[in-house]
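As a plain string of letters, each chain reads:
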Amino acid sequence: MEITIANLSEEDRRKLEYIQQKTDRDLQSAISASIDAYYQKLHEVSDPLSRLKQSPLIASFQGDPNLAEKSEEIFRSLMSDER
């Protein structure tokens, strides 16, 4: 398959040039790397727990590890402490 740059929009050409400049790659390897990255993203495990574990949100805060299970108990405790 032959890729003709003329088929790309002006915006896509600018993006491709930017990728080439930042990665110091020629046209073919820049396109190949971009396709590979997108392909890998599409083939990631669709398991929600796996995706959650890879999320930057995990371990973002410190708190009771059973917060979801004990939320009502914790809330009542906090409310009674404020009085």
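Residues numbered from 1 in each chain as written. Predicted model: local features only at pLDDT ≥ 70, side-chain atom pairs only at ≥ 80, totals over all residues. Heavy atoms only, no water.

## Details of the pattern of salt bridges
Opposite charge on two side chains permits them to pair, given that their charged atoms come into close proximity. So the rule is basically this: Salt bridges are defined as contacts in which a side-chain nitrogen from Lys or Arg sits within 4 Å of a carboxyl oxygen from Asp or Glu. Helix numbers and strand numbers start at the N terminus; a helix is a DSSP run of H or I with at least 4 residues, a strand a run of E with at least 2. Relative accessible area decides the class of each residue, using a 1.4 Å probe on protein chains only: under 20% of the type maximum gives buried, over 50% gives exposed, and in between gives partly exposed.
Applying the stated criterion across every chain, the model contains three salt bridges. Between R13 and E10 there is a salt bridge, and its shortest N-O distance comes to 3.1 Å. With R13 and E10 both in helix α1 (residues 10-23) and three residues apart, the pair spans about one turn of that helix. Residue classification places R13 among the partly exposed residues on the basis of a relative accessible area of 26%.

## Notes on the confidence of the model for the protein chain
Where we set the bar: Per-residue confidence from the prediction method is given by pLDDT, with values spanning 0 to 100.
With 78% of its residues at a pLDDT of 70 or more, the protein chain has an overall mean of 79. Within the protein chain, no element has a lower average pLDDT than helix α3 (residues 48-53), which sits at 72, and none a higher one than α1, at 90.

## As for helix α2 (residues 27-42)
Applied cut-off: The span expected for a helix works out to 1.5 Å for each residue beyond the first. Nitrogen and oxygen atoms within 3.5 Å of one another constitute a polar contact, given that in protein one can donate a hydrogen and the other can accept it, and given that sequence-neighbouring residues count only through two side-chain atoms.
Between its first and last C-alpha, α2 extends 23 Å over 16 residues, near the 22 Å set by a 1.5 Å rise per residue. Where α2 begins, one side-chain oxygen reaches toward the backbone nitrogen of Q28, 3.3 Å away; that side chain belongs to D26.

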